[in-house]
Amino acid sequence: MSHTVRSLSKKILVLLVILTGCTLFGCSLFDKKPSAHQRMGQINKQKVFYASYDAVWRAAHAVLKYPIAQENQDTGVIETEYIKGLDGWLPPNEQRPPSSGIRYKLIMTFAKGTTQGRESTRVTIDKRMEILRDFFSEPEPMESDGLEEKIIFYRIERELVINEALKRAN
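What you are looking at is a predicted structure, and each value in this text was computed from that prediction instead of being measured.

Some remarks on the overall build of the protein
Move 1: Helix and strand counts for the protein stand at 4 helices and 7 strands.
Move 2: Taken from the N to the C terminus, the helices and strands of the protein come in the order α-α-β-α-β-β-β-β-β-β-α.
Move 3: For the protein, the residues scored as buried account for 26% of the 170 residues in total.

Structural data, given as structure tokens:
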């Protein structure tokens, strides 16, 4: 009888191990993690500045060198016109200009709030890129590499630092 109990307990143990393994493996099949490129794009899209809403809005205007299609300070949105890839920002590691069919626009969203008891403004940059293959086909969306967004955030931050230093000097 003890042999039958041991045999049965071994079979139950093996069955439990198989079921647990299948459950863990099966769940990992449905777990869709974003790629490193997608995660970098998400990280580079937002930044919180410890400055007033108006100061960040003015700094964004100072650094944004593209024609503006629409803006509304009350709702906190600045949207540029479409920029041709040839006229837009070129990453420093690129030796040749981008395809003439690429165009993009920037949509900046501002939200005021407080962070750790300090006045702050969150800025989100959505770079909507698309490529026009030919005259007849619809534009195809493209992913941004996030570099231009990082540069814009850096420039806004520098503009805020300079303005703060000028206030203290007076």
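A look at the side chain of K105
Move 1: Tracing the sequence through the fold places K105 in strand β5 (residues 102–115).
Move 2: At 2.8 Å, the side chain of K105 forms a polar contact with the side chain of E79.

Describing the packing of aromatic side chains
Move 1: Throughout the structure, instances matching the rule amount to 5 aromatic pairs.
Move 2: Here the aromatic residues Y53, W57 and F110 are joined through ring pairs into a cluster of three or more.
Move 3: Here the guanidinium or amino end of K112 rests over the ring plane of Y53, the centre of that ring lying 5.1 Å away.

Quick word on helix α4 (residues 147–169)
Turn by turn, an α-helix covers 3.6 residues, leaving residues three or four places apart pointing in a common direction.
Move 1: The terminal C-alpha atoms of α4 lie 33 Å apart, and with 23 residues this matches the ideal 33 Å at 1.5 Å per residue to within 8%.
Move 2: Taken together, the buried positions of α4 are E148, E149, I152, F153, I156 and L160.
Move 3: Contacts made by the buried residues of α4 are with β1 (46–49), α3 (53–63), β5 and β6 (118–131).

Let's talk about α3
Move 1: Within α3 the residues assigned to the buried category are Y53, A55, V56, W57, A59, A60 and V63.
Move 2: Residues of α3 that are buried make contact with β1, β2 (68–72), β3 (77–80), β5, β6 and α4.

As for the packing of α3 against α4
Move 1: Axis separation between α3 and α4 bottoms out at 9 Å; the angle between their running directions is 120°. When the axes of α3 and α4 are compared, the pair comes out oblique. Between α3 and α4 the crossing geometry is right-handed. Counted together, A55, V56, A59, A60, A62 and V63 of α3 and I152, R155, I156, E159 and L160 of α4 form the full contact between these two elements.

Some thoughts on the environment of D145
Move 1: Inspection of the secondary structure assignment puts D145 in the loop between β7 (140–142) and α4.
Move 2: Sequence spacing of D145 and K127 is 18 residues, and the spatial spacing of their C-alpha atoms is 9.5 Å.
Move 3: Polar side-chain contacts of D145 include one of 3.1 Å to the backbone nitrogen of L147.

Digging into the side chain of E130
Move 1: Structurally, E130 is set in strand β6.
Move 2: In terms of polar contacts, E130 uses its side chain to reach the side chain of R103, at 2.5 Å.
Move 3: Once you skip the residues sitting within four places of it in the chain, E130 turns out to touch Y82, G101, I102, R103, P139, E140, P141 and M142.

A few points about the pairing of β2
Move 1: Taken together, the 4 bridges between β2 and β3 define a ladder with antiparallel strand orientation. Looking at β3, one finds that E71 is bridged to I78.

Quick notes on the nonpolar core
Move 1: The biggest cluster of nonpolar side chains holds 26 residues, and the ones touching the most others in it are V56, M108, F110, V123, I152, I156 and L160.
Move 2: Those elements that provide at least two residues to this core are α3, β5, β6 and α4.
Move 3: Here this core gets 7 residues from one element, more than from any other, and that element is α3.
Move 4: Those residues in contact with L160, other than ones at most four positions away along the chain, are F49, A51, A55, V56 and A59.

Here we look at the pattern of salt bridges
Move 1: As enumerated under the stated definition, the model contains 6 salt bridges in all.
Move 2: Taking the shortest distance from any N to any O, the salt bridge between E157 and K47 comes out at 3.4 Å. Taken together, the residues span a long stretch of sequence, with E157 in helix α4 and K47 in strand β1 at a distance of 110 residues.
Move 3: When its relative accessible area of 34% is taken as the criterion, E157 is described as partly exposed.
Move 4: The exposure class of K47 is partly exposed, given its relative accessible area of 28%.
Move 5: What you see here is one network of salt bridges that share partners, running through K45, D126 and R128.

About the thresholds
Position numbers for residues start from 1 in each chain and track the written sequence from start to end. With the structure being a predicted model, the display of local features is reserved for residues of pLDDT at least 70 and the display and counting of side-chain atom pairs for 80 or more, all residues being used for whole-chain, interface and lining totals. In computing side-chain properties, one takes all heavy atoms of the structure into account and sets aside hydrogens as well as water. Working definition: helices are DSSP H or I runs of at least four residues, strands are E runs of at least two. Numbering for both runs from the N terminus. When accessible area is computed with a 1.4 Å probe and restricted to protein chains, residues below 20% of their type maximum are described as buried, those above 50% as exposed, and intermediate ones as partly exposed. Residues adjacent in sequence count toward polar contacts only when both atoms are side-chain atoms; beyond that, a polar contact is any pair of N or O atoms within 3.5 Å, and within protein one must be able to donate a hydrogen and the other to accept it. Only the six-membered ring of Trp is used, alongside the rings of Phe and Tyr, when aromatic pairs are assigned; centres must lie within 6.5 Å, and planes under 30 degrees apart are stacked while those over 60 apart are edge-to-face, with the rest tilted. Two limits define a charge over a ring: the Lys NZ or Arg CZ must be within 6 Å of the ring centre, and within 35 degrees of the ring normal. Each residue after the first adds 1.5 Å to the expected span of a helix. Any two residues having at least one pair of non-hydrogen atoms within 4.5 Å are treated as being in contact. Fitting a line to C-alpha atoms yields each axis, with helices limited to the stretch in contact; the angle taken between N-to-C directions then spans 0 to 180 degrees. Here the angle decides the label: under 35 degrees means roughly parallel, over 145 means roughly antiparallel, 65 to 115 means roughly perpendicular, and every other value means oblique. For any helix crossing, the convention is left-handed if the near helix is rotated counterclockwise from the far helix by under a right angle, and right-handed if that rotation is clockwise. Strands were regarded as paired on the criterion that DSSP finds at least two bridges between them. By nonpolar core we mean a set of buried residues, namely Ala, Val, Leu, Ile, Met, Phe, Trp, Tyr and Cys, connected to one another through side-chain atoms within 4.5 Å. When a carboxyl oxygen of Asp or Glu lies within 4 Å of a side-chain nitrogen of Lys or Arg, that pair is called a salt bridge.

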